[in-house]
Amino acid sequence: MSGAEEAGGGGPAAGPAGVVPAGAGVGAGAGAAAGPAAALGEAAGPGLPDEAGLAGARQLQEAAGDPDAPPKKRLRAAEAAEAAAAAAAAGSGKLEERLYSVLCCTVCLDLPKASVYQCTNGHLMCAGCFIHLLADARLKEEQATCPNCRCEISKSLCCRNLAVEKAVSELPSECGFCLCQFPRSLLERHQKEECQDRVTQCKYKRIGCPWHGPFHELTVHEAACAHPTKTGNELMEILDEMDQSHRREMQLYNSIFSLLSFEKIGYTEVQFRPYRTDDFITRLYYETPRFTVLNQTWVLKARVNDSERNPNLSCKRTLSFQLLLKSKATAPLECSFLLLKGPYDDVKISPVIYHFVFTNESNETDYVPLPIVDSVECNKLLAAKNINLRLFLFQIQK
């Protein structure tokens, strides 16, 4: 029996999601005629699934044939295009599988996990890829464009597509531990709190137990765990390592509290603006307007990946900065300083205190790392028109 006959003439199991095609009981011929296409038409409107599937297949084929795309993306796009084209041509496959090709991000070809942005022509991009496109364009001194239609994209031109976000959140997704399917909106909670097969750790890990295993085996392991019966001498080495890590954290916070007791303290909001060098191959750098703190005039500069030649080709992104004293110093000026996120930004920066003695002969620090958590946070800064941070300066009195 052909696939069309199976889908159209087999009664309640004929249509996807349990929809019975019209005329299924008239006979095999009528059932075959009202095969997958008719069943899909009843499930999602006449002609809509096939057109959507074909559109998704064409979109994936374009991505597969893009010579500028990375090899892995072209391979994934080619495989996805073949599957989507086959499903659209045969009119078969589950509704979720067809929607995947329609709602996926045009850059990474995965279903978005959070915000979904669209260009002026409606092509979809997940938040991570959208920010990455804007950051790459800033590094290459180009206008960011949609990878599908090449129209201009920016935070002001693109908007979020809430309908797609809600549709994606309701699509089923497989739990990586128990392999059961849940709506995407509930999957994270299931994997963190409810799944009996999720990987967990022994409650005695703080005293050195290395056990990792499924949650349903946790009670049995903890009942038989040997670590609670260890002697004090055996536990001392583990506790010493924990104490060293805690001491380093406390030292940082004690240093900050100590600086806050200084007589001369200043802080200001600083805005890094993007510029280009005058070299043959221009490089991106950032600089703030002059500002006054502690009765002195200062400037901050920043650079990407320590001014490497093509930072847009690197997956790892870092920012480093230097502080310059622009006014004349009547005496050596010893300062501690640190940069933190501004009051309205959500970038994650870990506090690091730097120290320098400014004189007329040595009026600028070396470039020091801006302690951003990871490359994703760095891309957020690069994608913005300006970088807004807060500078703290502490003058050390002799």
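For the structure itself, look to the data block above.
Here the structure is a predicted model, which means the values were calculated and not measured.

1. What to know about the pairing of strand E13 (residues 333–341)
In terms of burial, E13 is a largely internal element, 7 of the 9 residues being buried. As judged from the 5 bridges shared by E13 and strand E14 (residues 354–358), these two strands associate in the antiparallel manner. Residue pairing across strands places Leu-333 opposite Phe-358, the latter belonging to E14. In this sheet, strand E16 (residues 387–395) lies alongside E13 in antiparallel orientation, the contact comprising 7 bridges. Among the inter-strand pairings, Leu-339 is bridged to a residue of E16, identified as Leu-391.

2. Focus: the pattern of salt bridges
Taken as a whole, this structure holds 8 salt bridges when the rule is applied. Of the charged contacts in the structure, one is a salt bridge between Asp-136 and Arg-317, with a shortest N-O distance of 2.7 Å. With Asp-136 in helix H7 (residues 127–140) and Arg-317 in the loop between strand E11 (296–304) and strand E12 (319–325), this pair connects stretches of sequence that are 181 residues apart. Neither residue differs from the other here; Asp-136 and Arg-317 are each classed as buried. Between Glu-165 and Arg-160 there is a salt bridge whose closest N-O contact spans 2.8 Å. On the accessibility criterion, Glu-165 (15% relative accessible area) is buried.

3. A look at helix H8 (residues 162–170)
Among the residues making up H8, those that are buried are Val-164, Glu-165 and Val-168. Each buried residue of H8 sits inside an arc of 105° when the element is viewed along its axis, so together they form one side. Seen from the buried face of H8, the exposed residues on the opposite side, beyond 90 degrees, are Ala-163, Lys-166 and Glu-170. Two or three places before Ala-163, at the opening of H8, Asn-161 has a side-chain oxygen 3.3 Å from that residue's backbone nitrogen.

Cut-offs and rules
- Along each chain, residues carry numbers from 1 onward, in the same order as the chain's sequence is written.
- Thresholds applied to this predicted model are a pLDDT of at least 70 for local features of residues and 80 or more for the giving and counting of side-chain atom pairs; totals over whole chains, interfaces and linings are not thresholded and use all residues.
- Side-chain numbers here rest on the full set of heavy atoms in the structure, without hydrogens or water.
- Between buried and exposed lies partly exposed: a residue is buried under 20% and exposed over 50% of the maximum accessible area for its type, with that area taken using a 1.4 Å probe on protein chains only.
- The helix and strand labels rest on DSSP assignments: H or I over at least four residues marks a helix, E over at least two residues marks a strand, and numbering proceeds from the N terminus.
- Strands are labelled as partners when DSSP assigns at least two bridges between them.
- Throughout this description, the term salt bridge denotes a Lys or Arg side-chain nitrogen within 4 Å of a carboxyl oxygen of Asp or Glu.
- Note: the arc covers the axis-to-C-beta directions of the helix.
- Residues adjacent in sequence count toward polar contacts only when both atoms are side-chain atoms; beyond that, a polar contact is any pair of N or O atoms within 3.5 Å, and within protein one must be able to donate a hydrogen and the other to accept it.

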